[in-house]
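Now for the letters of each chain:
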Amino acid sequence: MGMKAVDFSLRINPSICFTQNPPKPSSKLVRCSLSPDGAATGLAERPWKLADARLVLEDGSVWRAKSFGASGTQVGEVVFNTSLTGYQEILTDPSYAGQFVLMTNPHIGNTGVNFDDEESSQCFLAGLVIRSLSINTSNWRCAETLGDYLAERNIMGIYDVDTRAITRRLRQDGSLIGVLSTEQSKPDEELLEMSRSWDIVGIDLISGVSCKSPYEWVDKTKSEWDFNSNGRDRETYRVIAYDFGIKHNILRRLASYGCQITVVPSTWPAAETLKMKPDGVLFSNGPGDPSAVPYAVETVKEILGKVPVFGICMGHQLLGQALGGKTFKMKFGHHGGNHPVRNLRNGHVEISAQNHNYAVDPASLPEGVEVTHVNLNDRSCAGLAYPSLNIMSLQYHPEASPGPHDSDCAFREFIELMKSTKQAA
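All residue numbers refer to positions counted from 1 along the written sequence of the respective chain. Whole-chain, interface and lining totals are the exception, using all residues; otherwise, since this is a predicted model, local features are given only for residues with pLDDT of at least 70 and side-chain atom pairs are given and counted only at 80 or more. As a rule here, side-chain values cover all heavy atoms of the structure and leave hydrogens and water aside.

Moving on, we come to the overall build of the chain. Across its full length, the chain holds 10 helices and 20 strands. Buried, partly exposed and exposed residues are distinguished by accessible area as a fraction of the type maximum, computed with a 1.4 Å probe on protein chains only: under 20%, between the cut-offs, and over 50%, respectively. When burial is assessed residue by residue, the chain has 56% of its 425 residues classed as buried. Across the chain, the fraction of contacts at a sequence separation of at least 24, relative to all contacts at a separation of at least 6, is 76%. For accessible areas, the Shrake-Rupley method is used with a probe of radius 1.4 Å. Any residue's cover is judged against the shown protein chains and nothing else. Working note: accessible area of the chain is about 18,600 Å², and carbon and sulfur atoms make up 51% of it. Helix and strand definitions follow DSSP, with helices as H or I runs of at least four residues and strands as E runs of at least two, each counted in order from the N terminus. Note on contacts: a residue pair qualifies if any of its non-hydrogen atoms lie within 4.5 Å across the two residues.

Quick look at the structure:
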């Protein structure tokens, strides 16, 4: 019985796709993929899905892949996330608005999705890029597959793409604008032009993720998810939380420490906040460029010195600007649950969850502002304090969803700051 030979040869330019130093952006398109249909040639029948999507980066590289979730064409900034777990929390983190999230962990989707791990009311990211999509789910809380979940929320996803090669390119050249498309009628040249004509810098992304009117946070933290509650203060503190893209677990952690929380929109006037006589104000995380939201910086300025404040991520950057400092865009940002941070006050090292593309320049801060935390990977500013104005802030996410719980003590520090201010009044 004879056998027919099958050609599995790869049509790849090795000097482009496997070099340690990818070329700088040019006007040429470089197709970094398998054969045009994404499958081996010479087979009459193919029982697997063929490549039906493309990721075109502004550097001219074209990555063929397979689609899941929604279809269409979408533009966004490509960033990589090094978290091993927690893709659902990442999908629902409003800080990813305007971005394609590339997961460096190659296997995604095996736990499906559930409705307890949502960090906001919807998905705000532009799309998801992964290496291997699990065809089976195995988790007792699973309510839906990842593909169905994304399709229902009109979020695009691609898989069977070399995420390691793309990550190396982003680390070398910095975050890149890309276009995801399942529309075969659009030529690569058109998608490349789209990627080069769009920019995330200077765009107000906060207004698109913030709530539209104030509301009280009444969701009680389930006992199985509560932790670090020993020594909790019996007194209740009233906190106003500015929603720049706030995550539910920030609110849950504050509530677990005994706070009564009112969430207000990003444009909520400072005067209205002060009329509510809060014990403290939280400036939350959020997406995009802090320099693109001067109205938020003005709000922060008007509140400083009136009540204790706590800034997280975007809130930290807005505080830095309100104090007279400057922010800058990082090469590829920090996205993941494994970033080491040193607390300069006690010398402890915390493994932290981070998600930001901008940072505060500590050299631009005025005298009296203390840098309290430093990222040990690149020595960037990871925390600030201004004791005379009752200010504290962190560049990373102490609620850590997903991520380790090393930094949860920051919520206790905010409680102590409100308590001491209240006693001194």
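Bringing the sheet that holds strand S18 (residues 370-375) into the picture now. Pairing in this open sheet of 10 strands is mixed, and the strands run S11-S13-S12-S14-S15-S20-S19-S18-S16-S17 from one edge to the other. Of all strands in the sheet, those bounded by a partner on one side alone are strand S11 (215-216) and strand S17 (349-361). Pairing between strands requires that DSSP locate at least two bridges from one strand to the other. Two elements, S18 and strand S19 (residues 381-386), share 4 bridges in a ladder whose sense is antiparallel. Note on S19: the bridge partner recorded for Glu370 is Ala385.

Once that is clear, we can look at unusual backbone geometry. Here the amide bond leading from Ser401 into Pro402 is cis, since omega sits at 0 degrees, within 30 degrees of zero. Locating Pro402 in the fold gives a position in the loop between strand S20 (391-394) and helix H10 (409-424). Its identity as a non-glycine residue notwithstanding, Asp160 has a phi of 60 degrees, on the positive side. By the secondary structure assignment, Asp160 is in the loop between strand S9 (156-159) and helix H4 (163-173). Overall, the relative accessible area of 33% leaves Asp160 in the partly exposed class.

Every axis corresponds to a line fitted to the C-alpha atoms, with the helix fit spanning only the stretch in contact, and the corresponding angles, defined between N-to-C directions, vary from 0 to 180 degrees. Between helix H8 (residues 294-303) and helix H9 (residues 314-322), whose axes approach to 9 Å, the crossing angle comes to 70 degrees. Between H8 and H9, the angle is such that the two are roughly perpendicular. Together, Ala296, Val297, Val300 and Lys301 of H8 and Leu318, Leu319, Gln321 and Ala322 of H9 make up the contact between the two elements. When the residues that make up the contact of H8 with H9 are grouped by side-chain class, the tally is 6 nonpolar, 1 polar and 1 charged. Roughly parallel means an angle under 35 degrees; roughly antiparallel, over 145; roughly perpendicular, 65 to 115; everything else is oblique. Only Asp, Glu, Lys and Arg are considered charged, only Ala, Val, Leu, Ile, Met, Phe, Trp, Tyr, Cys and Pro nonpolar, and every remaining residue, Gly among them, polar.

So, about the pairing of S19. Counting buried positions along S19 yields 6 of 6 residues, so the element is predominantly enclosed. Between S18 and S19, which pair antiparallel in sequence order, lie 5 residues; one of them, Arg379, sits at a positive phi of approximately 65 degrees. From the end of S19 to the start of S20, which pair antiparallel, there are 4 residues, and Asn390 there has a positive phi angle of about 60 degrees.

Sheet faces and side chains relate simply in a regular strand, where the side chains alternate between the two faces. Strand S4 (residues 73-81) sits mainly inside the fold: 7 of its 9 residues count as buried. As paired elements, S4 and strand S10 (residues 176-181) share 6 bridges and run antiparallel to each other. Residue pairing in the sheet places Val78 in a bridge with Leu176 of S10. Taken together, the 5 bridges between S4 and strand S5 (residues 99-103) define a ladder with parallel strand orientation. Within the sheet, the bridge partner assigned to Val78 lies in S5 and is Phe100.

Moving on to helix H5 (residues 188-196). Residues Asp188, Leu191, Leu192 and Ser195 constitute the buried set of H5. Across the axial projection of H5, the buried residues extend over an arc of 100 degrees, all falling on one side. Contacts made by the buried residues of H5 are with strand S1 (30-31), strand S2 (53-57), strand S3 (61-69), S4 and S10. In this description, one arc is meant: the one made by directions from the helix axis to the C-beta atoms.

Okay, the packing of aromatic side chains next. Classification of ring pairs rests on two measures: the distance between centres of Phe, Tyr or Trp rings, Trp counted by its six-membered ring, which must be within 6.5 Å, and the angle between planes, read as stacked under 30 degrees, edge-to-face over 60 and tilted in between. According to the stated counting rule, one finds 8 aromatic pairs in the structure shown. When the ring of Tyr257 is compared with that of Phe411, the centres are 6.4 Å apart and the planes differ by 25 degrees; the resulting orientation is stacked. A residue pair is termed long-range when its members are at least 10 positions apart, and Tyr257 in the loop between helix H6 (248-256) and strand S13 (259-264) and Phe411 in helix H10 qualify at 154 residues. The class of Tyr257 is buried, set by a relative accessible area of 4%. Overall, Phe411 belongs to the buried group, its relative accessible area being 0%. Where Phe310 meets Phe414, the ring centres are 5.3 Å apart and the plane angle is 45 degrees; that geometry is what we call tilted. Of this pair, Phe310 sits in strand S15 (residues 309-312) while Phe414 sits in helix H10; the two residues are 104 residues apart in sequence, bridging distant segments of the chain. Given the relative accessible area of 0%, Phe310 is considered buried.

What follows is about the side chain of Asp117. Within the fold, Asp117 resides in the loop between strand S6 (107-108) and strand S7 (127-129). A relative accessible area of 14% means that Asp117 is categorised as buried. Within polar-contact distance, the side chain of Asp117 engages the side chain of Asn114 at 3.1 Å. Two N or O atoms count as a polar contact when they lie within 3.5 Å, although within protein this holds only if one can serve as hydrogen donor and the other as acceptor, and sequence-adjacent residues are included solely when both atoms are side-chain atoms. Polar contacts involving the side chain of Asp117 include one to the side chain of Arg141, which spans 2.9 Å.

This paragraph deals with the pattern of salt bridges. Every case where a carboxyl oxygen of Asp or Glu lies within 4 Å of a side-chain nitrogen of Lys or Arg is listed as a salt bridge. Under the defined criterion, the tally for this structure stands at 21 salt bridges. Close ionic contact of Arg141 with Asp116 constitutes a salt bridge, the shortest N to O distance being 4.0 Å. Taken together, the residues Arg141 in the loop between strand S8 (132-133) and helix H3 (146-152) and Asp116 in the loop between S6 and S7 connect sequence positions 25 residues apart. Residue Arg141 is classed as buried on the basis of its relative accessible area of 19%. Asp116 sits in the partly exposed class, given a relative accessible area of 39%. Overlapping salt bridges bring together Arg31, Arg54 and Asp188 as one network.

Spatial relationships are all this shows, so hold off on functional conclusions.
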